[in-house]
Every structure is written in C-alpha cells, then in structure tokens.
Amino acid sequence: MIAIGMVLSMVMIVSPIKKVYAAGAYSSYIPKDGDDDSTLDSKAVVFNGTSWYIIEDNSTATNAGTVTLLAWSKIGDDCLWDLDYRESYSGSTVETRLMDLTSTGSFKSVSSAIVGTELADVGVTGAKLWLLSEEEAKALPSSIRGSDWWTRTTSGDNTRYARVMNSDGTTSGVGKGAWTKHVRPACKLDLSKVAFYTNPKNNKKTFVLKPEEVKAVETQISALKSADKITTADKDAIEAARKAYDSLTDEQKAMVDATIYKKLTDAETALEEAGKEKKDDKKEDKKDDKNDDKKDGSKGNDKKSSDTGDKGKKYSNEWVDGKWYNADGTQTYNGTLGWKGSATGWWVEDSDGWYPTSSWQKIDGVWYYFKPDGYMAANEYYNGYWFNADGSWDDQYFLSWKSDATGWWVEDISGWWPQSSWLQIDGYWYYFEGTGYMATSKYVDGWWISSDGVCY
C-alpha cells in the first residue's frame, strides 16, 4: 500500500471552508406559495426542539441581525381565549401563557437569544413569543398558513372578538364559549447569540445557543491579527487557535461562524508565507550562489571556498566543491559534480555522466536524497524524512503511518499529525481530513483521491 516511514509537513494547505453568507443569509429558507411538502420540509428549521418556518429575514450575516420564526404547528396545548373579560390580546390568557413559556417554562433556557418585540397595535412591549396579527397571518403563503389558530386581537368596534385563522385563509371572530384553538406563536432570534448549522444527528438545519466552548474558540480566533499583519512571531497564537478549534466535536465545529473560521485559515496561510520569507532571508546568500551555479549546470567554486582552503579539515564520503572525497579523505575520483535542473526538478551529475539514484549524497556539507528517477527530493517526505524546498534534509522531523478501525493517518515522533491539509509523501500527494484521517475515494479541491489515499 503505502510506505510506512514518513515525516510531517511544515506547510499546510487548508481545505475549503464552509460557505460565507452575506446580507439576506436566511432568505432561501422562507416558504413561498407553491412550495410542496418536500420543499417545505427542507425549509423547516429547528429551535428549542421545535420546528419553525422563517417568515422574515433581517440578517446582515449569519451571526448578525435577526430572523423571525413562526411555529410549524402549535406550541403546547390548545387554548381558550378569556372572552368573558376582554377581547384584546394584551393581558389575555393566550398572551400570559406565551409569557410564561419564556419566563418559567420550556423556553426559559433559550430566552436570552430571543429579541423582545414591541406589538404597538395591542400595547405590548418586550414580547418574546407572540401571536401574529390578522394582517400578518393573511400575508403568509398558503402552504404554511394552516388552519384554526389564534391571531392577536385588539379591542374596539372592528375586532370585538378574538380572531381565528381559518383553513381557507380567511379569519373570523369567535365569541363567548368559543372552542379552544391552536397557539402558534412567532419569535425573533438575535443571530449574534445563536449558531445556525446542520445537526449531524438528524440532518436538520438548527438554531442553538452557542456552547461556551464554541464561543471561546471564536473569541480566540477573532483575537488573531489580520492576515496582512501576520509574522512568524504569531506562530504560537495561531497554532493554539488551531488546536482549540480541532479540540471541538464535529457538531461544535459546524457551529463556528464561517467568517471567523476563515480568519484562522487566512492566518495559517499568511504564517506559512512568512515562514518561507524568513527561511529565504537566512539562506539568501547560499541560494543565490547555488541558483547561479545551477543555471549553467555546474557547481560553482564560491560556495565552499572557505572549506577547501581549510587544510586542517578532513572530508569523508562526501562531495565538496564538485570533488569526491573517499572515506579516508583522499581524492582518487576525477569526475566533477555539478547541479542540473529541468521543469521536473533538480539533480546532480558528474563530468563522466554519472548521477545518483535512490541514494543519499552529502554535498558541500548538506545531506540530499535522490529518488529512483535521479531527481532530488524537495518539499516532501521521503522514506520518513522531511526535505526542505531547497532539497536539504531536516533531521528534526520523522513521520510514520498509523491506523485503527476508522482509517489511516500519519504522525510525527512529537505526536503531531496533519489535519485539513495536503501532504506529499514518497512522491504521492495525500489529503488528511480535519479528523486527521487520510481521505479516500472522494474528490477534494477538484482532485480525485483513490481508495488507497493517493491523489490522481
């Protein structure tokens, strides 16, 4: 299958994130006339264990603004309006019952996410669960209007009785001794206090109060610098934020706001670039010399001039300034080694036409590995070892394959493993999911990954 020894990448290519919504984030969930049962089922959302329809979208993002919900069916038992005493909604048995639900009843635990709403027509302020007015009920799409449920009623000549939404979409007054009717309330959610996600347990779109763990991760990510200000000094903070996110359950991860998660992935990408720039700065002189020499296919004499001038230094089994030194430090081989390159990669070849394959070579004090085709390993793991972009071996890392009943992953000797990232291992590209397991038999970023994890 795959070679057992590998090393962990310092380069992370982050997988695509969830869709980021803009203003009007929830409009597609608002039912319309003509929706059939299957469409309505897909538009129903869950809040506090109850199904609702979104009837108004005043969001500016998934986590900003409000949405107004209408209960899919009745909440609690049917209720008789106290018509012996008043016709108005304000102070009625129905209003009191809805108030009780958010103060002491089943909606108390989520009441902090419900916006208190002013019902000016009936003189009610701060209503958290309320009935629609007759006009609001008539304006609903027929597909969700339903039948035989109370609408809120003002007192006065034109609304002497409590009003009921009939099955045909009309409303009618109900006098003394009326039957009990459904209580089908509305409520308005503060989107900054809830998460909107697909619940993996039932695949339903769901509003929930954000768990403290999710809020803590969002706060930690939000505290990161913007991508354009990231430097290598921010490495610890970024890695800590990633670790905190990865510690969440899959369900909790789905609750993290997409724009906040994107800040983390942008920071990781910026950190990777900053790390490359720092490494380039440190090796600027060395790379300039090497690149100039490679252009003409030879290994220049400037790179190790100080070494060749050191008469007290003894070389053994290595190349220095293009010359081979035997184990005892003698020079008996006449061939001269030089670097060569193509669109595929770099290799070394001596003046006799020989080039190394499937072997380690120490060249000017640096260890390189040349693969079976002769090309230098670079920016990848090979036989368990990590090789930098310039081909130099980094002895700090060593990766190995591990597996359990769920699947395969790779893990460094330090206990680190790649997540949501691509990794080149032994010449093949692999993708590791957010869980750390190797992806198989699926498309990722438009690339097909086979059953053995190899990307084609």
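Residues numbered from 1 in each chain as written. Predicted model: local features only at pLDDT ≥ 70, side-chain atom pairs only at ≥ 80, totals over all residues. Heavy atoms only, no water.

Bringing the overall build of the protein into the picture now. Looking only at helices and strands, one finds 10 helices and 25 strands in the protein. Scored against the burial criterion, the 456 residues of the protein give a buried share of 46%. Taking the contacts inside the protein whose residues are at least 6 apart along the sequence as the reference set, 52% of them involve residues at least 24 apart. A total accessible area of about 22,800 Å² is found for the protein, and carbon and sulfur atoms account for 48% of it. (Helix = DSSP H or I, 4+ residues; strand = E, 2+ residues; numbered from the N terminus. Buried < 20%, exposed > 50% of the residue type's maximum accessible area, 1.4 Å probe, protein only. Contact = heavy atoms within 4.5 Å. Areas by Shrake-Rupley, 256 points an atom, 1.4 Å probe, with all protein chains shown as cover.)

Let us look at the nonpolar core. In terms of nonpolar packing, the biggest core is built from 50 residues, with Phe47, Trp52, Leu69, Tyr89, Phe107, Trp150 and Phe207 touching the most fellow members. No other element matches strand E3 (residues 64-71), which puts 4 residues into this core. If we skip the residues at most four places from it in the chain, phenylalanine 47 touches Trp52, Leu69, Phe107, Val110, Ile114, Cys187, Leu189 and Phe207. One finds Val217, Ala244, Met255 and Val256 within the second-largest nonpolar core, a separate group that totals 21 residues. (Core = buried A, V, L, I, M, F, W, Y, C linked by side-chain atoms within 4.5 Å.)

Before going further, it helps to spend a moment on the pairing of strand E11 (residues 204-209). Both strand E1 (residues 45-47) and E11 contribute to a ladder of 2 bridges, which runs parallel. Counted as the bridge partner of phenylalanine 47 is phenylalanine 207 from E11. Sheet topology places strand E10 (residues 194-199) next to E11; 6 bridges connect them, and they run antiparallel. Paired with tyrosine 197 across the two strands is threonine 206, which belongs to E11. Joining the antiparallel neighbours E10 and E11 is a turn of 4 residues, in which asparagine 203 adopts a positive phi near 65°. (Pairing = 2+ DSSP bridges.)

Below, the discussion takes up the side chain of aspartate 234. Inspection of the secondary structure assignment puts aspartate 234 in the loop between helix H5 (212-222) and helix H6 (235-246). If we ignore the near neighbours within four places in the chain, the residues touching aspartate 234 are Lys225 and Lys229.

Examined against the element boundaries, threonine 151 turns out to sit in strand E6 (residues 149-151). Using a relative accessible area of 0% as the deciding quantity, one classes threonine 151 as buried.

Attention now goes to the confidence of the model for the protein. With 83% of its residues at a pLDDT of 70 or more, the protein has an overall mean of 80. Of all the helices and strands in the protein, helix H10 (residues 305-308) carries the lowest mean pLDDT, 37, while strand E9 (residues 186-190) carries the highest, 96. Throughout residues 1-23 the model reports pLDDT below 50, and contacts reaching past four residues in sequence, or to other chains, amount to 86 contacts. (pLDDT = per-residue confidence, 0-100.)

Glancing now at the sheet that holds strand E8 (residues 171-174). Strands in a sheet are paired, the pairing made by backbone hydrogen bonds, and the direction either parallel or antiparallel. Reading across the sheet, the 3 strands line up as E6-E7-E8 and stay open at both edges, with antiparallel pairing between neighbours. Strands at the two margins of the open sheet, each flanked by one partner only, are E6 and E8. When strand polarity is set aside, the average angle formed by the axes of neighbouring strands in this sheet is 45°. Here strand E7 (residues 162-165) pairs with E8 via 4 bridges, running antiparallel. The residue of E8 that forms the bridge with arginine 163 is glycine 173. (Axes fitted to C-alpha atoms, helices over the stretch in contact; angles between N-to-C directions.)

Moving on, we get to the environment of valine 122. When you line up the elements, valine 122 lands in the loop between strand E4 (117-119) and strand E5 (124-127). Here valine 122 falls in the buried class, since its relative accessible area comes to 8%. Remark: the alpha-carbon pair of valine 122 and serine 90, spanning 32 residues in sequence, is separated by 5.8 Å. Those residues in contact with valine 122 that sit more than four places away from it in its chain are Tyr89, Ser90, Arg152, Thr153 and Thr154.

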